[in-house]
Amino acid sequence: MAKELTAGITGKTVIKVDESVSAKRAASGEMDVFGTPFMIALMEKTADESVRPYLEDGCATVGTVVNVKHIAATPMGMEVYATSELLEVDGRRLVYKVCAYDEAGLIGEGMHERFIIFKEKFMEKTNNKVRG
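Residues numbered from 1 in each chain as written. Predicted model: local features only at pLDDT ≥ 70, side-chain atom pairs only at ≥ 80, totals over all residues. Heavy atoms only, no water.

A. Highlighting helix H2 (residues 36–51). With 16 residues, H2 extends 24 Å from end C-alpha to end C-alpha; this agrees with the ideal 22 Å at 1.5 Å per step. Of the residues making up H2, those classed as buried are Met 39, Leu 42, Met 43, Thr 46, Ala 47, Asp 48, Ser 50 and Val 51. (Helix = DSSP H or I, 4+ residues; strand = E, 2+ residues; numbered from the N terminus. Expected span 1.5 Å × (residues − 1). Buried < 20%, exposed > 50% of the residue type's maximum accessible area, 1.4 Å probe, protein only.)

Structural data, given as structure tokens:
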């Protein structure tokens, strides 16, 4: 499933805030600011990508828990980055601290959990829902 996957692995992802990641676009508000759903997605992406090099072929991670606070608004045109730090590896369960920052400082923080899955088995189980 995973080789040498241990606490301490970090990740970072940077984006530029524009209309494509606005609260308005996400239908989570009417303001032209960085949308909370997009902040969460950036945090999840950062955590996921940080451990990909450690996963065996045929494995991936999926998000299962997100508990974050969006504590400051970010205007259009600013750069935002998310960081993740793997705090705990419990079998297939991965626990991360995630944060997001804009050019003025911290805008969001919290905890995120992901599970290591076998892609083929996961999709088979998921697709069986429609087959009944």
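B. Molecular detail of the layout of surface pockets. Taken as a whole, the largest pocket encloses approximately 200 Å³ of empty space. In this structure, the largest pocket is lined by Arg 92, Ile 117, Phe 118, Lys 121, Phe 122, Lys 125 and Thr 126. Residue assignment for the lining of the largest pocket shows that the elements contributing at least two residues are strand E5 (105–118) and helix H3 (119–131). The dominant element in the lining of the largest pocket, judged by the number of residues it contributes, is H3, at 4 residues. Considered class by class, the residues forming the lining of the largest pocket number 3 nonpolar, 1 polar and 3 charged. (1 Å grid on protein atoms, 1.4 Å probe; cavity = no way out; pocket = protein on both sides within 12 Å on 5 of 7 lines; lining within 4 Å. Points joined across faces, edges and corners; volume = space filled by probe spheres on them. Nonpolar A, V, L, I, M, F, W, Y, C, P; charged D, E, K, R; others polar.)

C. Main features of the pattern of salt bridges. Throughout the structure, instances matching the rule amount to 8 salt bridges. With a closest N to O distance of 3.3 Å, Arg 93 and Glu 88 form a salt bridge. Given the relative accessible area of 33%, Glu 88 is considered partly exposed. Through salt bridges that share partners, Glu 44, Asp 48, Arg 52 and Arg 114 make up one connected network. (Salt bridge = Lys/Arg side-chain N within 4 Å of Asp/Glu carboxyl O.)

D. Examining the pairing of strand E4 (residues 93–102) more closely. By the criterion of burial, E4 is predominantly enclosed, with 7 of the 10 residues buried. Bridge count between strand E3 (residues 79–90) and E4: 10 bridges; the pairing is antiparallel. By the bridge assignment, Ser 84 is partnered in E4 with Val 98. Hairpin remark: E3 followed by E4, antiparallel, with 2 residues in the connecting loop; positive phi at Gly 91, about 65°. Pairing analysis gives 10 bridges linking E4 to E5, with the strands arranged antiparallel. For Ala 100, the partnering residue across the bridge sits in E5 and is Gly 108. (Pairing = 2+ DSSP bridges.)

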